[in-house]
Amino acid sequence: MPESDLTDPFVHLANQPDFNPLQLMTELMSGETRFHSVFLAPFSPAFTSARNQYLADGSGPLVMIAEELARQGAPDPTTAARTMLTAAQGMCVVLIALDHGVSSVPQLFFGHLDPAMRAQMVMACGAEFPDAAGLEAALRDLSTRTVPPASGSASPSPIAWPALVAGPAFGDDLSTYWLELAAAVLEGLDEGLAGLGPMAGGGSRERMADLGWWVSQGILHTNNGATVDADDLELLVRCQLLAGEAAAAGQGIDALIRSGGADEESIIELVNAFADGAIRSGQVLPAGQWLASQLPAWNTALGGLYDLPLALLRIQAAAGVAADVLLPTARLLMAANRKAARNDLTKEPLWQVVVSSSESIDQHSDLLDTAAAALFLDRSTSFIVKRLEAKTLPWCTHAGQIRIPARALAAWQAVMLEFKLFD
């Protein structure tokens, strides 16, 4: 298969085989769509992991490549997919401006943008792309900056990250470009774009996470080590949270709180997003330990906000921690707002236990069925079933079955008893 044909199946990669950027625009947006910009970038951490997995054993999300190549009639799609992934040096990411936010079309980059490759990349964006000529011109501009050096000269990196940017939305200042792109990405999320239409399934979260990672890295790399100001730091933190970079985002939240550089409402949103990201990634135990260590200073700086211990309790509940860890957080919650705490602890579905990729649920604690849990609590089976249905006591999924981690259940029971929350 010629190298110039290799970008076409990539439109269907990364868990998004049915994504069509122009179908998204047609179905969801009534206003104008425009070519925003294009940039060359390194592989995201998620794509790097998927690529390594496929090259190692042919499994994982990038199996989609071979499947798409097979549909296109490739005689040996597995070999062709391996060849493509081995040859790729990074990503070429085309951005389309929507009424609110941006949409991305990521494609593989093979170290050059010759005319055939540029034509293939434009074609991969669809026949209805709003500015094919503009995209071709931007790619041609990038190609002049990716030509291999003359013989005997020093060889630069094939991707001068994050400087290789072109298109209508790119001016003369890289830092401004990445910050404005961050604002556009987050505007789309705030408007609910990421949860609509074809973008809601088939890899939308993965693609948005990749874009969040590229943008956050672009901001960091163009900042030249200087301190990011409060407004820009908030953009950076939100993009890091979108990318699943909870640890890095936590450091930014800490800097915002200690500097007084963000309002209370923004801090609450960021801390809640931090908790969501930690729970979604499964890295709940280290996230909870870190947040617990920061909470005293944050409470001092912010005056004891209710939402801070609530975020910590959500993470600790997801980690299935023991009672001696969970109870102090529940006490902080009660001290901050007793009425709200009673409601959240008994009605908010915050009790699902998750684990990191390095753990197994078996290592967490013994797993109980409803009958064993009823015996453990000295309650009826209907008591357990009712709360499982409402997701108001600890539970997890193990081997396709709903089970109740004993350690988490004991911690939950201690909270319920101390604050007299049983019916």
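Here goes a summary of the coordinates provided. What you see is a predicted model, and the numbers here were worked out from it, not measured in a lab.

Here the focus is unusual backbone geometry. Trp161 connects to Pro162 through a cis peptide bond whose omega is 0°. The topology assignment puts Pro162 in the loop between helix H6 (132–143) and strand S4 (165–166). Backbone geometry at Lys391 places phi at a positive 60°, although glycine is not the residue there. Along the polypeptide, Lys391 turns up in the loop between helix H18 (381–390) and strand S6 (396–398). We classify Lys391 as partly exposed; its relative accessible area is 30%. Look at Lys420: it is not a glycine, yet its phi comes out positive at around 55°. The topology assignment puts Lys420 in the segment after helix H19 (406–418). With relative accessibility at 67%, the residue Lys420 sits in the exposed group.

Moving on, we get to the nonpolar core. Within the largest apolar cluster, 128 residues are counted, with the highest numbers of intra-cluster contacts made by Val38 and Phe39. Sort the elements by how many residues they give to this core and helix H13 (residues 307–319) lands first, with nine residues. Excluding residues within four positions of it along the chain, Phe39 makes contact with Met91, Cys92, Val93, Leu95, Trp161, Leu164, Val165, Tyr177, Trp178, Leu181, Leu211 and Trp214.

A large share of strand S3 (residues 102–109) lies buried, amounting to eight of its eight residues. With eight bridges connecting them, strand S2 (residues 90–97) and S3 associate as antiparallel partners. Residue pairing for S3: Val93 is matched across the bridge by Pro106.

A contiguous patch of negative charge on the surface is contributed by Asp263, Glu264, Glu265 and Glu269. Mapped onto the elements of the fold, Glu269 is located in helix H11 (residues 264–281). Assessed through its relative accessible area of 46%, Glu269 is described here as partly exposed.

Cut-offs and rules
- Residues numbered from 1 in each chain as written.
- Predicted model: local features only at pLDDT ≥ 70, side-chain atom pairs only at ≥ 80, totals over all residues.
- Heavy atoms only, no water.
- Helix = DSSP H or I, 4+ residues; strand = E, 2+ residues; numbered from the N terminus.
- Buried < 20%, exposed > 50% of the residue type's maximum accessible area, 1.4 Å probe, protein only.
- Core = buried A, V, L, I, M, F, W, Y, C linked by side-chain atoms within 4.5 Å.
- Contact = heavy atoms within 4.5 Å.
- Pairing = 2+ DSSP bridges.
- Patch = residues over 30% accessible without salt bridge, like charges linked within 9 Å, V, L, I, M, F, W, Y side chains within 5 Å.
- Areas by Shrake-Rupley, 256 points an atom, 1.4 Å probe, with all protein chains shown as cover.
- Salt bridge = Lys/Arg side-chain N within 4 Å of Asp/Glu carboxyl O.
- Lys, Arg positive; Asp, Glu negative; His and termini not counted.
- Charge placed at Lys NZ, Arg CZ, Asp CG, Glu CD.

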